[in-house]
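Each chain is listed here by its residues.
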Amino acid sequence: CRQRQVELIEVDLRWGITEQEAQQGKVLPICLAEIDRARPFFMGLLGERYGWVPEKNQYDLSLIVEQPWLEEHRGGKSVTELEILHGVLNNPAMKNRAFFYLRDPRWAEKKGGAYLGEGPTEKAKLAELKAQIRQSGFPVVENYPNPEALAERVQQDLWKLIDEAYPESEVPDALALERRRHETFAATRMGLYLGGEKYFNVLDRAMRAEPFIPVLVTGQSGGGKSALLANWVERYRQAHPKTAVIVHHLGSGADAADPVKMVVR
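Residues numbered from 1 in each chain as written. Predicted model: local features only at pLDDT ≥ 70, side-chain atom pairs only at ≥ 80, totals over all residues. Heavy atoms only, no water.

Caption draft 1: Focus on the packing of aromatic side chains. Inspection of every chain in the model, using the stated rule, returns 4 aromatic pairs. A ring pair is formed by Phe 42 and Phe 100, whose centres lie 6.3 Å apart and whose planes are at 55 degrees; its orientation type is tilted. With Phe 42 in strand E1 (residues 42-46) and Phe 100 in strand E2 (residues 98-103), this pair connects stretches of sequence that are 58 residues apart. Just as Phe 42 is buried, Phe 100 falls in that class too. Taking 5.0 Å as the distance between ring centres and 35 degrees as the angle between the ring planes, the aromatic pair formed by Trp 232 and Tyr 236 counts as tilted. Of this pair, Trp 232 and Tyr 236 both sit in helix H10 (residues 225-239), 4 residues apart, which is roughly one turn of the helix. Taking the relative accessible area as the measure of exposure, Trp 232 reaches 8% and is therefore buried. The aromatic ring of Phe 185 is capped on one face by Arg 189, whose charged end is 3.8 Å from the ring centroid. (Phe/Tyr/Trp six-rings, centres within 6.5 Å; stacked < 30°, edge-to-face > 60°. Helix = DSSP H or I, 4+ residues; strand = E, 2+ residues; numbered from the N terminus. Buried < 20%, exposed > 50% of the residue type's maximum accessible area, 1.4 Å probe, protein only. Lys NZ or Arg CZ within 6 Å of the ring centre and 35° of its normal.)

Caption draft 2: Broad picture of the nonpolar core. By size, the foremost hydrophobic cluster in this structure holds 27 residues, and its most contacted members are Leu 28, Phe 42, Ile 84 and Val 88. For this core, the secondary structure elements donating two or more residues are helix H2 (27-37), E1, helix H3 (61-66), helix H4 (79-89), E2 and helix H6 (120-135). For this core, the element with the highest residue contribution is H4, accounting for 6 residues. Ignoring any residue separated from it by four or fewer positions in sequence, one finds Phe 42 in contact with Ile 35, Glu 83, Ile 84, Gly 87, Val 88, Met 94, Arg 97, Ala 98, Phe 99 and Phe 100. (Core = buried A, V, L, I, M, F, W, Y, C linked by side-chain atoms within 4.5 Å. Contact = heavy atoms within 4.5 Å.)

Caption draft 3: Representation of the pairing of E2 within the structure. Most of E2 is tucked away: 6 of the 6 residues are buried. Bridge count for E1 against E2 is 5 bridges, and the pairing is parallel. Its bridge partner lying in E2, Phe 42 is registered against Ala 98. Across 4 bridges, the pairing between E2 and strand E3 (residues 140-144) is parallel. Note that in E3 the partner of Phe 100 across the bridge is Val 140. (Pairing = 2+ DSSP bridges.)

Caption draft 4: Quick peek at the side chain of Gln 67. With respect to the secondary-structure elements, Gln 67 resides in the loop between H3 and H4. Gln 67 gets classed as buried once you look at its relative accessible area, which sits at 13%. A distance of 2.9 Å separates polar atoms of two side chains, one belonging to Gln 67 and the other to Trp 69. Leave out the neighbours within four places in its chain, and Gln 67 touches Asp 36 and His 86. (Polar contact = N/O pair within 3.5 Å; in protein donor to acceptor, adjacent residues only side chain to side chain.)

Caption draft 5: Representation of the packing of H4 against H6 within the structure. Viewed as axis vectors pointing N to C, H4 and H6 meet at an angle of 10 degrees, and their least axial separation amounts to 12 Å. As summarised for this structure, H4 and H6 are arranged roughly parallel, according to the angle between their axes. Taken together, the residues of H6 that come into contact with H4 (itself represented by Glu 81, Ile 84, Leu 85 and Leu 89) are Leu 129, Gln 132 and Ile 133. For the contact of H4 with H6, the residue count by class is 5 nonpolar, 1 polar and 1 charged. (Axes fitted to C-alpha atoms, helices over the stretch in contact; angles between N-to-C directions. Parallel < 35°, antiparallel > 145°, perpendicular 65-115°, else oblique. Nonpolar A, V, L, I, M, F, W, Y, C, P; charged D, E, K, R; others polar.)

This is the structure in C-alpha cells:
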C-alpha cells in the first residue's frame, strides 16, 4: 500500500468501546457510524456465537430516528447481525466490496468455552443469518479451518481490491506527490470561511491590473493569511479554468521553504 501511496486502516468493531459507552447504549451508534466511515468496504467474520442482543430499552432513540429500519429489530437481533444488515445486506451497492468468512464449527468445538454457541435460540438465529448471507450473492468463504488460513485468504481478497482500486500504473510521481501535499495543506484552511469577501475583491482587482505587479499579503501569525489565499485561489481557479495556477505553501512541510526544491518544482 505504501508503495502506491495508500494508507490501509482496519477497524475492528469490537475494539475501543468502553464499558461506560456500552452501559449508555452507545455500542450500536458507534459501530454503525464506523461502518459508514469505512465504506465501501466490509468484511464479516462469523464463528459459532450469535452475539449480544440489546434489550428494547437499550437502543438510543436518536439512532432509531436516524435509522428507522432498526425499529422492527429492537430486542430481537444481535449487534453483529445488525452490523451485517446495515453494512451489506440492506445495501446492494456493496457488490464486490463485501466479503464473508464462516469458520469451520469443528474449530470452536475443539477450543470449547467462549467459542461455543450461546444456546438453541441463538444457534437458530445464527444459522438463519448464515443462510441469508449465503443467499445474498456476496462472496462467502466456507469452513476456514483456523486463524492462519483466514489471514491468508483475507490478504488475497484485500490485495485484489487494492490492486483494482489503486493500480501500479497510476502511482503518482514525486512531482504529483508534492502537488498533493500543498493541496492537502490548502484544504485544511478551507471549508467554512466567512468575512473574506472584501479581500477577495482586492485580490481580483490586483490580478486585472496592467501592468501587473506582485502582491504581498502580510499579517501576524495566525491572522488567517493562508486561509484567505487558499480560499481565494480555489475561487479564482473556478472562475478562470484555463489559467495555470501554481500554489506553494511554505508551511506544508519541513523542506517546503528550501529555495532549490521550490525552484525545481
